[in-house]
Amino acid sequence: MPAGGFSTAPATGVEFEAKITPIVIISCIMAATGGLMFGYDVGVSGGVTSMPSFLKKFFPVVHRRIEEGGDSNYCKYDNQGLQLFTSSLYLAGLTATFFASYTTRRLGRRPTMLIAGIFFILGTALNAAAQNIEMLIIGRILLGCGVGFANQAVPLFLSEIAPTRIRGGLNILFQLNVTIGILFASLINYGTAKIKDGWGWRLSLGLAGVPAGLLTIGALLVVETPNSLIERGRLEEGKAILRRIRGTENVEPEFLELVEASRIAKEVKHPFRNLLKRRNQPQLIIAVALQVFQQLTGINAIMFYAPVLFNTLGFKNDAALYSAVITGAVNVVSTVVSIYSVDKLGRRILLLEAGVQMFISQVVIAVILGIKVKDDTNNLHNALAIVVVVMVCTFVSSFAWSWGPLGWLIPSETFPLETRSAGQSITVCVNLLFTFAIAQAFLSMLCHFKFGIFLFFSGWVLVMSVFVLFLLPETKNIPIEEMTERVWKQHWLWKRFMDDNDEGQNHHRYAKETVKPLEKAKNGTSNGNGFNSVSYQL
Ligand code: BGC
């Protein structure tokens, strides 16, 4: 083992020399800023849209409705434009993912991160300086493009630059930083809402410039990954960089494996068509279902609109904003719980336990709000308000140790090598599509369903828990190359998809022979956020 560093210990038993070099440390900072930026964008919109000065300037109809204290509290924020302010980011992100997968592969990880940083800076500037609704929405679209490019390139960059032993941790760090970004945004909203003269929202939107700037500077400082250079045929350069980042001259074994991995990756033709083959359908069904269900838990109704929601329930502005801070903090802490328990307790236990916890908390919230409506008062009784906040926290915590990280982790570890990158692309796209749908529809749904919105989401929680119970196999501690034998072929339903022909056997042999080198080269598995292997064969 080299002094001052450590050797990585990949699955094959071969140990590559690797020190924790400054470049690797910069990678950690990149992980932090990329995740923070995304989380900040998720969390900032709700607080800003609950600020009267912001509403007055851009959404006077909504502002008037609130001032007049109209007939239904539930409908006061129901406005397509207001929802578009939140949702446009996700639609842009979804579209940008496809371009980003091209630039990540053809230009490299570093230029793609730079593009993301520039989009973020432009979007932030436009938002902070916005004079009209067009500037606001275009700003959000630019931020969305940044999200599309950053979420593609940053996790991939990290997987490739970090020594094997800290790769998984770095990727979970990215996910954790998303939740920290959401928390920061609520804290900043809480502070800026107090600014007199009503320009606090500009500061909230403008402070996104800090992680945006850091990401851009970071992209200028870091090196391109050896994987990307090798993939583009620049072998000698790739080897030189590998020496620099590993802090040793002895990189030949890892270099050869990267070259081999790149060759094998290029051999996989038509990955999207492969996904539809019968033997690959179970993984596809599970990945899509997990992402659709993740959004149908209703989490982003809380993440995007917590202050608006608490306001709707009769909380004063200040109380609504600090309640959002509390739920944001619960989100971060519970994500840490997940990191520690996912490989001990297993995926199914976490998802099933969370199902019960989410169902109960949503039903309790609906009942409390339902009773309140019958009383015909506009504000919740203090004690009931506290119960609602506690229930929202109960809901958020169970999401954060289950569907939050596992919606990403499980797809990333179940797809076989030949469909992994295509599978991950689908996973990301389904996520952004449904995130967009919830962002665009939630306030209108709240207006029409009233407290019943929570029963709507709880109904889905029931459906997804039944899905987990019968259709989701446990994947805890199972090496990826043994998934077919130990997971899919043992499952009462999915085994019927596995033994259909010889191809399945060949596929298994193929996966066994090739997945290990690729694991090390690209670490497309167990990344906890699911974005990292998207770029390879799109
Ligand atoms: C989800 C996001 C959500 C976040 C909340 C993620 O896993 O994909 O949509 O905003 O968790 O922490």
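Residues numbered from 1 in each chain as written. Predicted model: local features only at pLDDT ≥ 70, side-chain atom pairs only at ≥ 80, totals over all residues. Heavy atoms only, no water.

Caption draft 1: Quick peek at the site of the ligand. Among the 13 residues in the neighbourhood of the ligand, the closest are listed as Gln-294, Gln-295, Asn-300, Asn-331 and Gly-404. Side-chain polar atom of Gln-295 to an oxygen atom of the ligand: 3.1 Å apart, as the coordinates give it. Asn-431 places a side-chain nitrogen or oxygen 3.2 Å from an oxygen atom of the ligand. Listed by contribution, the elements that provide at least two residues to the shell around the ligand are helix 7 (164-192), helix 14 (281-296), helix 15 (299-312) and helix 19 (403-414). Its residues placed into classes, the shell around the ligand shows 5 nonpolar, 8 polar and no charged. (Near = heavy atom within 4 Å. Polar contact = N/O pair within 3.5 Å; in protein donor to acceptor, adjacent residues only side chain to side chain. Helix = DSSP H or I, 4+ residues; strand = E, 2+ residues; numbered from the N terminus. Nonpolar A, V, L, I, M, F, W, Y, C, P; charged D, E, K, R; others polar.)

Caption draft 2: Local environment of the side chain of Ser-45. With respect to the helices and strands, Ser-45 occurs in helix 1 (residues 22-49). What Ser-45 contacts, discounting residues up to four positions off in sequence, is Phe-85, Thr-86, Arg-140 and Phe-304. (Contact = heavy atoms within 4.5 Å.)

Caption draft 3: Region of interest: the state of the cysteines. Using the criterion set out here, one finds 1 disulfide in the structure. A sulfur-sulfur separation of 2.0 Å characterises the disulfide bridge that pairs Cys-75 with Cys-447. Taking the sign of the torsion about the S-S bond as the criterion, the disulfide between Cys-75 and Cys-447, at about 90°, is right-handed. With a gap of 372 residues between them, Cys-75 in the loop between helix 3 (60-68) and helix 4 (80-106) and Cys-447 in helix 20 (residues 417-449) connect regions that are remote in the sequence. Taken as a pair, Cys-75 and Cys-447 share a single burial class, namely buried. (Disulfide = S-S within 2.5 Å. Buried < 20%, exposed > 50% of the residue type's maximum accessible area, 1.4 Å probe, protein only.)

Caption draft 4: Here's a closer look at helix 16 (residues 317-345). Taking 1.5 Å as the rise per residue, helix 16 with 29 residues should run 42 Å; its terminal C-alpha atoms sit 40 Å apart, in good agreement. At Ile-339, helix 16 shows its strongest bend, of approximately 35°. Downstream of helix 16 by one or two residues, Gly-346 has phi in the positive range, about 100°. (Expected span 1.5 Å × (residues − 1). Bend = angle between axes of the 7 residues up to and from the residue.)

Caption draft 5: View of the pattern of salt bridges. Enumeration according to the criterion identifies 13 salt bridges in this entry. Notably, a salt bridge pairs Arg-246 with Glu-254, separated by 3.0 Å at the nearest N-O pair. According to the relative accessible area criterion, Arg-246 is buried, its value standing at 1%. Three or more residues are tied together by salt bridges with common partners; here these are Arg-109, Glu-160 and Glu-231. (Salt bridge = Lys/Arg side-chain N within 4 Å of Asp/Glu carboxyl O.)

Caption draft 6: Focus on unusual backbone geometry. Phi is positive for Asp-197, which is not a glycine, with a value near 65°. Inspection of the secondary structure assignment puts Asp-197 in the loop between helix 7 and helix 8 (200-206). Look at Asp-197 and you get exposed, because its relative accessible area is 74%. A positive phi angle, near 50°, is found at Lys-450, a position not held by glycine. Residue placement: Lys-450 occurs in the loop between helix 20 and helix 21 (452-471). Judged by relative accessible area, which is 30%, Lys-450 ranks as partly exposed.

Caption draft 7: View of the packing of helix 1 against helix 9 (residues 209-221). The geometry of helix 1 relative to helix 9 is characterised by a closest axis approach of 9 Å and an angle of 140° between their N-to-C directions. Seen along the crossing, helix 1 lies across helix 9 with a hand that is left-handed. For the pair helix 1 and helix 9, contact is made by Met-30, Thr-33, Gly-34, Leu-36 and Met-37 and by Pro-211, Ala-212, Leu-214, Leu-215, Gly-218 and Ala-219, respectively. Of the residues contributing to the contact of helix 1 with helix 9, the split by class is 8 nonpolar, 3 polar and no charged. (Axes fitted to C-alpha atoms, helices over the stretch in contact; angles between N-to-C directions. Left-handed = near helix turned anticlockwise from the far one by under 90°.)

Caption draft 8: Just the confidence of the model for the chain, in detail. With 86% of its residues at a pLDDT of 70 or more, the chain shows a mean pLDDT of 83. Taken element by element, the predicted model of the chain shows its lowest mean pLDDT in strand 1 (residues 6-8) (32) and its highest in helix 21 (97). Note on residues 502-538: pLDDT is under 50 here. Beyond four places in sequence and across chains, it has 134 contacts. (pLDDT = per-residue confidence, 0-100.)

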